[in-house]
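Okay, here's what each chain looks like letter by letter:
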Amino acid sequence: MSKPITILFATTTGNAEDAANTVAAKLKSAGFDSTLVSAANWTAPDVVNLAAEPSTLLVVASTWGEGEPPDDAIPLWDTLKELDGTPLTNIRFSVLALGDRSYEIFCGFGANLDERLEQLGGTRIAARVDSDVDYDGPTQEWTKEVISALSSDLAAR
Ligand SMILES: Cc1cc2nc3c(=O)[nH]c(=O)nc-3n(C[C@H](O)[C@H](O)[C@H](O)COP(=O)(O)O)c2cc1C
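I will try to describe carefully the structure that is included in this document. Here the structure is a predicted model, which is why all the values come from computation and not from measurement.

## Section: the overall build of the chain
For the chain, the helix and strand inventory stands at 5 helices and 6 strands. Sequence-ordered secondary structure for the chain, helices as α and strands as β, is β-α-β-α-β-α-β-α-β-β-α. Here the C-alpha atoms of the chain give a radius of gyration of 14 Å, agreeing with the 15 Å that 2.2 N^0.38 yields for 157 residues. Reported as C-alpha extents along the three principal axes, the dimensions of the chain are approximately 45 × 35 × 25 Å. When each of the 157 residues of the chain is scored for burial, the buried share is 41%. For the chain, contacts bridging at least 24 residues in sequence account for 80% of all contacts bridging at least 6.

## Quick notes on unusual backbone geometry
With a phi close to 55°, Cys107 is a non-glycine residue in the positive phi region. As for its placement among the helices and strands, Cys107 is situated in the loop between β4 (91-98) and α4 (108-119). You can call Cys107 buried: it has 26 C-beta atoms within 10 Å.

## So, the site of the ligand
With respect to spatial proximity, 22 residues lie near the ligand, and among them Thr11, Thr13, Asn15, Ser62 and Gly99 are the closest. Partitioning the shell around the ligand into residue classes produces 9 nonpolar, 11 polar and 2 charged.

## So, helix α1 (residues 15-29)
If you check α1, its first and last C-alpha atoms are 21 Å apart, about what 15 residues at 1.5 Å a residue would give, namely 21 Å. Packed against the buried residues of α1 are β1 (5-10), β2 (35-38), β3 (55-62), β4 and α5 (136-155). The first or second residue beyond α1 is Gly31, which carries a positive phi of 95°.

## Concerning the nonpolar core
With 43 residues, the main nonpolar core has Ile7, Val59, Val60 and Ala61 as its most contacted residues. Contributing elements (two or more residues each) for this core: β1, α1, α2 (44-50), β3, α3 (74-82), β4, α4 and α5. Beyond its immediate chain neighbours, meaning those up to four positions away, Val59 contacts Leu8, Phe93, Val95 and Leu113.

## Considerations on α5
Spanning 20 residues, α5 covers 28 Å between terminal C-alpha atoms, matching the ideal 28 Å at 1.5 Å per step. Looking only at α5, the buried set comprises Thr139, Trp142, Thr143, Val146 and Leu150. Seen from one end, α5 has its buried residues packed into an arc of 100°, which puts them on one side. Across α5 from its buried face, at more than 90 degrees, point the exposed residues Gly137, Ser152 and Ala155. Where the residues of α5 are buried, they touch α1, β3, β4 and β6 (129-131).

## Here we look at the pairing of β4
Counted residue by residue, β4 has 8 buried out of 8 residues, so it is predominantly covered. Along β4, one buried face is formed by Ile91, Phe93, Val95 and Ala97 and the opposite face, lined by Arg92, Ser94, Leu96 and Leu98, is buried too. When β3 meets β4, the two strands line up parallel, connected through 8 bridges. Counterpart to Val59 in the pairing with β4 is Val95. Handedness of the crossover joining β3 and β4 through α3 is recorded here as right-handed. As paired strands, β4 and strand β5 (residues 123-124) are joined by 2 bridges and run parallel to one another. Along β5, the bridge assignment pairs Phe93 with Arg124. Handedness of the crossover joining β4 and β5 through α4 is recorded here as right-handed.

Criteria and cut-off values
- The residue numbering used here restarts from 1 in each chain and proceeds along that chain's sequence as written.
- Reporting of local features is limited, given that this is a predicted model, to residues whose pLDDT is at least 70; pairs of side-chain atoms are given and counted only at 80 or more, and all residues count toward the totals for whole chains, interfaces and linings.
- Secondary structure counts use DSSP, requiring at least four H or I residues in a row for a helix and at least two E residues in a row for a strand, with both numbered from the N terminus.
- As defined in this context, the radius of gyration uses C-alpha atoms, and a globule is described by 2.2 Å times the residue total to the power 0.38.
- Counting other C-beta atoms within 10 Å of a residue's C-beta gives its exposure: the residue is buried at 20 or more, exposed at 12 or fewer, and partly exposed in between, where C-beta atoms are placed from the backbone.
- Each residue is represented by a C-beta atom placed from its backbone, and any two residues with such atoms within 7 Å are regarded as in contact.
- A residue counts as near a molecule or strand when its C-beta atom, positioned from the backbone, falls within 6 Å of it.
- Three classes are used: nonpolar for Ala, Val, Leu, Ile, Met, Phe, Trp, Tyr, Cys and Pro, charged for Asp, Glu, Lys and Arg, and polar for all others, with Gly counted as polar.
- One fewer than the residue count of a helix, multiplied by 1.5 Å, yields its expected span.
- Here a nonpolar core is just a set of buried residues of the types Ala, Val, Leu, Ile, Met, Phe, Trp, Tyr and Cys, joined wherever their C-beta atoms sit within 7 Å.
- Taken from the helix axis, the directions to the C-beta atoms give the arc we talk about.
- Should DSSP find at least two bridges between two strands, the strands are taken to pair.
- A clockwise path from the first strand over the helix to the second, with the strands pointing away from the viewer, defines a right-handed crossover.

Following this line, the structure appears as structure tokens:
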């Protein structure tokens, strides 16, 4: 059996949720079940709970303000910044960042989150993809890399 996979989306106007649904469907076609969760319902302890056993955390997050999290992810981000040490060593993760190149801090929140998850002990299984407004192609590209990493994980067991 594969390790549990959680897809966490952080969104204001729904693009990241839409992309996260696409990712879940693609994973399902490749034989991987996943659980979709909204950042609106999560703070850092929920992420730490995931790390009680080896698991995969896939994050789809947009950027608002000037490189800031979308509103629904502010409590999550504030609490992740406060964690000490490396409580996420059991977590394998990857981040799909949604944004718009016309903003100065392109995909800033996704980049900050990607960096923070690693600082907290997580292992990146696929490089972050930063997507411009048309997120369909980047979503497919990122999902392909993620599925490839998950598949080689299974093959190695
Ligand atoms: C007021 C506003 C501020 C934004 N700030 C940024 C930004 O700083 N950097 C960036 O890359 N994109 C920025 N964006 C673009 C959004 O991240 C992009 O539209 C994204 O697809 C929204 O996804 P969501 O619907 O999941 O929130 C901004 C959009 C708006 C409307």
